[in-house]
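Structural overview
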Number of protein chains: 2
Amino acid sequence: MSLYRQTLVQQLKMIQNVDRWLDRAVAFAEGKKFDANTLLAARLAPDQFPLGRQVQAVCDNAKVTAARLTGKAPPSHPDTETTIPELKARIATVVAYLGTFTEADFAGAEDRVIELPFAPGMVILGADYAVDMALPNFYFHTTTTYSILRHNGVDLGKRDFLGAAALTPKG
Amino acid sequence: MSLYRQTLVQQLKMIQNVDRWLDRAVAFAEGKKFDANTLLAARLAPDQFPLGRQVQAVCDNAKVTAARLTGKAPPSHPDTETTIPELKARIATVVAYLGTFTEADFAGAEDRVIELPFAPGMVILGADYAVDMALPNFYFHTTTTYSILRHNGVDLGKRDFLGAAALTPKG
């Protein structure tokens, strides 16, 4: 199984799930008659990122995973979003960026030597980067996004988290 | 990269991280002079599993991922734990179980046709099961475990979540 399937395909699905969770947050806020954007400042601990920054982190994790594994320079997206529509536009930008990659771009990605801006002087192989860092980080921020919404009463369940899976009828 | 590396090796590391988070919760409770086991009933939403059940889910996800991908029957672990020492014993049991697998056990796992108890009449290929279901579910419960502890004041950070990565000196 290619790293394209393991990372990009799955991250693309999950980030579109996150987009739907934001729609559910908007619907929840409309029902309760409050400004949905107030949720962007909600957080689970005072020294953890709030919801808005979690969604930005989801976007950046997906973006840099694809870029690093394929040796490309990722586009820069300053964290300027302050509303849910702006965050949904940021997600759409990353969805479009991920759509520019093909499985062929990931040829040799497992053995690519990757440098990380936060670990100067160190390197990690693409396969280890994907399994030890990229996916755990990505799921950390998707799950925390989901948890902040659940904690604030938005009606979501595990199926909304996971999205579709490739189940087929038996036999 | 084998599914052994993608799932079992990473899940084994993460479940040992979870074990350390519980130690940190105990130390936090000792400092604050409260019974650490009260944390096991803490939850982020009234209709989401509390901490104790999240840790049990982490254990079960790691266990059934290895069993399903290799065609083995997983051992049964009834959810009877009510204290942190009992949960740490459950984790130790799963760590030992995972230690019985070798990479050779995962030969052909990507193409294994897997049946799931919650989707009668349906099947999924091992590769899709790992990427679409097993890993997202596993990270969902590890991150939620971490988030409940952070929400209750336990001093943890992202490095505690991720654990070690295979970084090496450049050049």
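Residues numbered from 1 in each chain as written. Chains lettered and ligands numbered in written order. Predicted model: local features only at pLDDT ≥ 70, side-chain atom pairs only at ≥ 80, totals over all residues.

Some words on the overall build of chain A
Scanning chain A from terminus to terminus reveals five helices and three strands. Along chain A, from the amino end to the carboxyl end, the secondary structure elements read α-α-α-β-β-α-α-β. Rg of the C-alpha trace for chain A: 17 Å, near the compact-globule value of 16 Å for 171 residues, within the 12% margin. The burial tally for chain A puts 41% of its 171 residues in the buried class. Long-range contacts, defined as pairs at least 24 residues apart, comprise 73% of the intrachain contacts of chain A with a sequence gap of at least 6. (Helix = DSSP H or I, 4+ residues; strand = E, 2+ residues; numbered from the N terminus. Rg over C-alpha atoms; globule rule 2.2 N^0.38 Å. Buried ≥ 20, exposed ≤ 12 C-beta atoms within 10 Å, placed from the backbone. Contact = placed C-beta atoms within 7 Å.)

Re the relation of the copies chain B and chain A
It takes a turn of 180° to lay chain B on chain A, together with a shift of 0.0 Å along the axis; the resulting RMSD is 0.0 Å. Considering both components of the superposition, the chain copies are consistent with a two-fold axis. (Least-squares fit on C-alpha atoms with pLDDT ≥ 70 in both.)

Regarding the interface of chain B and chain A
Accessible area lost during the coming together of the parts is what is often quoted as the interface size. With 36 residues of chain B in contact, the opposing surface of chain A contributes 36 residues. Those elements that place two or more of their residues in the side of chain B that touches chain A are helix H1 (3-32), strand E2 (122-125), helix H4 (126-151), helix H5 (158-162) and strand E3 (168-169) of chain B. The element contributing the most residues to the side of chain B that touches chain A is H4 of chain B, with 14 residues. By residue class, the composition of the side of chain B that touches chain A is 21 nonpolar, nine polar and six charged. Note: strand E3 (residues 168-169) of chain A against E2 of chain B, two bridges, orientation antiparallel. Its bridge partner being in E2 of chain B, Thr-168 of chain A is matched across the sheet by Val-123 of chain B. (Nonpolar A, V, L, I, M, F, W, Y, C, P; charged D, E, K, R; others polar. Pairing = 2+ DSSP bridges.)

Examining the packing of helix H2 (residues 51-70) of chain B against helix H3 (residues 84-98) of chain B
All names here are of chain B. At a minimum axis separation of 10 Å, H2 and H3 run at an interaxial angle of 10°. Comparing their axes, H3 and H2 come out roughly parallel. Of the residues in H3, those touching H2 at Gly-52, Val-55, Gln-56, Cys-59, Ala-62, Lys-63 and Ala-66 are Leu-87, Arg-90, Ile-91, Val-94, Tyr-97 and Leu-98. Residues of the contact of H2 with H3, tallied by class, amount to nine nonpolar, two polar and two charged. (Axes fitted to C-alpha atoms, helices over the stretch in contact; angles between N-to-C directions. Parallel < 35°, antiparallel > 145°, perpendicular 65-115°, else oblique.)

Focus on the confidence of the model for chain A
Of all residues in chain A, 100% have pLDDT values of 70 or greater, and the mean over the chain is 96. Scoring the predicted complex yields pTM 0.97 and, for the interface, ipTM 0.96. (pLDDT = per-residue confidence, 0-100.)

Let's talk about the sheet that holds strand E1 (residues 113-115) of chain A
Reading across the sheet, the three strands line up as E1(A)-E2(A)-E3(B) and stay open at both edges, with antiparallel pairing between neighbours. Every interior strand has two partners, whereas the edge strands, E1 of chain A together with E3 of chain B, have only one. By the bridge criterion, three bridges tie E1 of chain A to strand E2 (residues 122-125) of chain A in an arrangement that is antiparallel. Each residue of the ladder has a partner; that of Val-113 of chain A, found in E2 of chain A, is Leu-125 of chain A. Packed onto the sheet, helix H4 (residues 126-151) of chain A meets E1 and E2 of chain A and runs at close to 90° relative to E2 of chain A.

Some words on H3 of chain B
Owing to its 3.6 residues per turn, the α-helix brings residues three or four apart onto one side. Residues and elements named next belong to chain B. Across its 15 residues, H3 extends 21 Å between first and last C-alpha, which sits within 8% of the 21 Å expected from 1.5 Å per residue. Taken as a whole, H3 has its buried residues at Ile-84, Leu-87, Arg-90, Ile-91 and Val-94. The buried residues of H3 occupy an angular sector of 115° when projected down its axis, which confines them to one face. Residues Pro-85, Ala-89 and Ala-96 are exposed on H3 and point more than 90 degrees away from its buried face. Looking at the buried positions of H3, the neighbouring elements they touch are H1 and H2. (Expected span 1.5 Å × (residues − 1). Arc of directions from axis to C-beta.)

Quick notes on the environment of Gly-157 of chain A
By the secondary structure assignment, Gly-157 of chain A is in the loop between H4 and helix H5 (158-162). In sequence terms Gly-157 of chain A and Tyr-146 of chain A are 11 residues apart; their C-alpha atoms lie 9.2 Å from each other.

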